[in-house]
Structure formats: structure tokens, C-alpha cells
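Here are the chains, one letter per residue:
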Amino acid sequence: MAAASNLQSEDQFLCSICLDVFTDPVSTPCGHNFCKNCITEHWNTSYRYLCPLCKQAFSIRPDLRVNTLFSEMVVQSAQQKASSSSSEQVSKPGDVPCDVCTGTKLKALKSCLMCLASYCETHLEPHLTASRLKRHQLIDPVENLEDRMCAKHDKPLELFCKTDQTCVCMLCPVLDHKTHEFIPLKEESERKKARLGKTEAEIQQMIQKRRLKIQEIKHSVDLSEEDADREIAEGVRVFTVLKKSVERGQANLIDTIKKKQKTTEKQAEAFIKELEQEISELTKTRAEVGQLKRSEDHLHILKSFPSVKVAPPTKDWTEVSVRPPSYEGIVVKAVNQLEETLSKEKKKLAQAELKRVQQYAVDVTLDPDTANPFLILSDDGKQLNDGDVKKNLPDNPERFSDSSCVLGKQSFSSGRFYFEVQVKRKTDWTLGVARESIKRKGNIPLSPEDGNWTIWLRNGNEYKANACPKVGLSLKSQPQKVGVFVDYEEGLVYFYDVDAAALVYSFTGCSFTEKLLPYFNPCNNDGGENSAPLIICPVK
């Protein structure tokens, strides 16, 4: 863990351009640090002012000033590193020990190729001061110095045999390598060192590229996280709207039903009250009739009879009833309102999605080398239609011989791309993308299995996606402009009605293994009924 921490600490003080310790470190507005000379030279040789790490562009060249605090941290780190390695160290496993030390052996500082011995700083002193020892060749400490002697002649290895590509002593050319070509070890070593220098520079460049790639990947992850957060926020917004719409629709539904029920209850209560009033009056009359009937006063009976012989006036209740209210259509209406809200939100999402994919717009032009001889292409490579007359063109392998097809010049083997095509006033057309190896001669079958992902219009109103099997498309309106979006890595091909901002069809789960090219077929002229051209439009 400590070693990893030290490595991380040292990497923090390395410039990502020169891969060395910072010299006069400066900070860009996006927060990244570079040597002042490195970033200055980088921008002097570039036509745009981009951060080498995050690729942020600056409209004007930033005013760079030395980061004093960071510069002091770099100096302190260098001083700590120097002080930690200044004193002599006791030899540890893996180190080359001094051959002269007795008792505790110190770590060797140099090895002598003449003495065939290794020396610590103290015992190396004679080789640095004595005139006869100064001529000895010193190298960084190595073990097994005896390996530097010729095993056959017991002499130092001083020459390099270019014929056998091996190190030899001074006797080898005389005794064993008589006709071979030799050069001094130092000369061959310098040549190898020159090659190593080139290799080192290449490796350093590879390291720099990989460090920049790490930053690029991290930046991509950051962008992905931003996209994810944005999509989550949008999803939460949409579902919040739908949830509120459902709750509101449910509350309105319940309120409507309860109001109907309340109206029915009030009507019933009014009828009951009226009936109870009549019952009260009838009861009173019945009591009077009963009393008169039991009377023994004949004169009283005769005088009172006219007033009680007929029941009091009452309402005819024969046809009166309380009908349960009708609830038919209330739930359907609530669901329709919910669907209307959902449709509005779907349209908003579709518009936002279309705007996002339009960011990947590419400039597509038609490839005349692939065009069927009956097709007429505009000079700018943006329009095509069927000409009814076959042109005399070379039948090269790339050209479609029978089908009225043509491919785009641009090919794509990674990433995302989008283009739009006007199909206005046409009764037949086919659009999409195709892999580079698609069949060019004879009849062209249309399906993902055959290497193309397309939709078509036939007879002015029959839209289909050329899947396997074909899928009929029910569209609310006829597209006047079709957008085609491809995500190579995700295996997606989407078709949009641009004006309606609506998704027409999507191929998902595709497996792309080779280059993809835009695919166009304006179909036959049909006696002028289908003479309008397909037009590749600039994306707004």
C-alpha cells in the first residue's frame, strides 16, 4: 500500500506532455497542470486551444501563470526523494554487495571490469584517485562478474562478433572466429544504446498516449454519468407527471361517481319525504273515517259523510321510480385523459430524443461507383432518382447491377451517426444502412440476415420495416423527411419521422462486425408517379 501511495504521489508531479517532473507548473482554466514550456509549445503548434487531457476548447488563448503553491510542492517532493537516497546503505537481498567489505557488507556503488570486483563508496575511492586505476572501466554494480570472462580463453570479453552476434575475447578472432567481422564492445554497445534510446522514446510516447487515454476514458465516464443523471431526472419528471395525472384522474373519477350517487340519494329522499307526507294525511283521514264509521249518531254520519267518502288527493306514484345512475364511460373517459397526458409526454420525450441523436449528424454523399446505371445522381452527391434510361457505366464489383440502389461514400465502423433524407412526393422508396459486403449483383434481398437494416414505402401508403419477417408500420402521418440513427456498439438502428419528431421503427440487438454505409433506393420512376428525388438534407 505504501509503495502504491508513493507511486501515486510521484505521478501527481509528472507533466502529462513531457512525462517528467513539472518545471514552472501552470494551471489551465479547466484545472489541469502542465509545464509552462510544454503547454506553450503545444498550443504554438495547434490551430485550436484545447486542453490535452479533457479536450476542453478555449475561444481565446488562456493567460497562464505559474502555480506557486504547486511549484513549491514539486520542489519539496524532489528534495525528499534526494535526501532519502543520499547515504550509504547496507546490502540487502537482491543488492550487489561490496567485495572488499569485511563484516557487514555495504551496497556496491560500482563494479570494475578490469578487477572483476564490486566496490562500495568507500572502497571505490582508489579507482577515482589512483592514476593507474582511473583507466579501469567502471559500470553500475553487477553480480557474477566472472560471466564477463571468455569461458574458453579466460580473457575479458572486449569484442563483439557481428557474424555470430555474440561477445568474444581478443583471442577468439585469432583462434575460433578467423573469417568473422568484429567491432569493439563499446561501439556495438553505443549502437544498441542508440536503438534503446529510440525504443525508450517510443515507449515514453506509448505511456503518454495511454495516460491521455486514461484521462479520455475518465472523461467519458464523467460524461456518461452526466447523461445518466440527466436521463434519470427526465425519467423522474415524466413519471411524476404521470403519477400526478393518475392521482388526479382517480380523484376526478371518484368525485364524479360520488356526485351522481349523491344526486340519486337526494332525489330518493325528496320522493320519500313526499310519500311520508301523503301517508300522514291518509292516516289522518283513515282515522276520521273509522271514527265516523263507529258513530251511533245517524244525523252526524249523514252530515259528515260527504267530506270523508273520498280519499284525499294524492300523487300517482305508479310511474315514479328512482333509477340508478349510469356510470358507463366514466372510467373510459378518465383513462382517455390519462392516455392524452401520456401521449403529450411521449411526444416531448421523442422530441428530446430526436434532438440528442441529431447531435451525431454526419455529412453523407452518394457514391457514384455503387450507383445502379438507371439512377441519376446530382453533382453534389445529395440527390438521386430513377432516370428510366440505362447509362453506359463500367460494371465494377461495387456497382448494383439490377436493384436501383446506391450507397453512401462514408463508412462507419464505430460510434454513432445520423443523417436525414427527404422523401416528399414519393410513392416508393427504401432507406437505411447496409454492411460493406452486401450483395451488389442481381436481386438484393432485404433483411438484417442479408446485411441491411431498412424500411420502405410502397404504393404511396404501405410502410414496412424489412425485418425477418417484415413488419407493417401504422403511422399517424406520412413522413416527409426520414432520420436514420445508428449506434454501432449498442447494435441499434432507429428511423424517425423528423417533422413529427416520432420514432417510426427500431432495430435492436444488432451485431455489427464490419463497416456500415448509408443505403438508398428511390425505386422505379413509375411513369412519372414516383419521379421526385430522394434528397440528403442538412440536419437543422
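The rules behind the values
- Residues numbered from 1 in each chain as written.
- Predicted model: local features only at pLDDT ≥ 70, side-chain atom pairs only at ≥ 80, totals over all residues.
- Heavy atoms only, no water.
- Helix = DSSP H or I, 4+ residues; strand = E, 2+ residues; numbered from the N terminus.
- Rg over C-alpha atoms; globule rule 2.2 N^0.38 Å.
- Buried < 20%, exposed > 50% of the residue type's maximum accessible area, 1.4 Å probe, protein only.
- Areas by Shrake-Rupley, 256 points an atom, 1.4 Å probe, with all protein chains shown as cover.
- Lys, Arg positive; Asp, Glu negative; His and termini not counted.
- Charge placed at Lys NZ, Arg CZ, Asp CG, Glu CD.
- Phe/Tyr/Trp six-rings, centres within 6.5 Å; stacked < 30°, edge-to-face > 60°.
- Lys NZ or Arg CZ within 6 Å of the ring centre and 35° of its normal.
- Salt bridge = Lys/Arg side-chain N within 4 Å of Asp/Glu carboxyl O.

Peer 1: Hey, could you run me through the overall build of the protein chain in this one?
Peer 2: Secondary structure summary: the protein chain contains nine helices and 23 strands in total. For a compact globule of 540 residues, the expected C-alpha radius of gyration is about 24 Å, and the protein chain comes in at 47 Å, more than 25% above that figure. For the protein chain, the residues scored as buried account for 33% of the 540 residues in total. On the protein chain, roughly 34,800 Å² of surface is accessible, and the fraction owed to carbon and sulfur atoms is 52%. For the protein chain, the distance from the average position of its 75 positive side-chain charges to the average position of its 76 negative side-chain charges is 3 Å.

Peer 1: In this structure, what is going on with the packing of aromatic side chains? I would like to understand it.
Peer 2: The geometry of an aromatic ring pair comes down to the distance between the two centres and the angle between the two planes. All chains considered together, the criterion is met by 15 aromatic pairs. Considering the side-chain rings of Phe419 and Phe520, the 5.9 Å spacing of their centres and the 55 degrees angle between planes classify their relative orientation as tilted. With Phe419 in strand β14 (residues 416-422) and Phe520 in strand β22 (residues 516-521), the pair connects residues that are 101 residues apart, well separated along the chain. Overall, the relative accessible area of 2% leaves Phe419 in the buried class. Classification of Phe520 by relative accessible area gives buried; the value is 0%. Three or more aromatic residues joined by ring pairs make a cluster, and in this case those are Tyr360, Phe485, Tyr494 and Tyr496. When the ring centre of Trp317 is taken as origin, the NZ or CZ atom of Lys315, which lies over that ring, is 4.7 Å away.

Peer 1: Sorry if this is basic, but what is going on with the pattern of salt bridges here?
Peer 2: Two side chains bearing opposite charge may form a pair once their charged atoms approach each other closely. Inspection of every chain in the model, using the stated rule, returns 18 salt bridges. Taking the shortest distance from any N to any O, the salt bridge between Glu345 and Lys348 comes out at 3.6 Å. Linking Glu345 with Lys348, this pair stays in helix α9 (residues 330-358), spanning three residues, or about one helical turn. Glu345 sits in the buried class, given a relative accessible area of 5%. The class of Lys348 is partly exposed, set by a relative accessible area of 44%.

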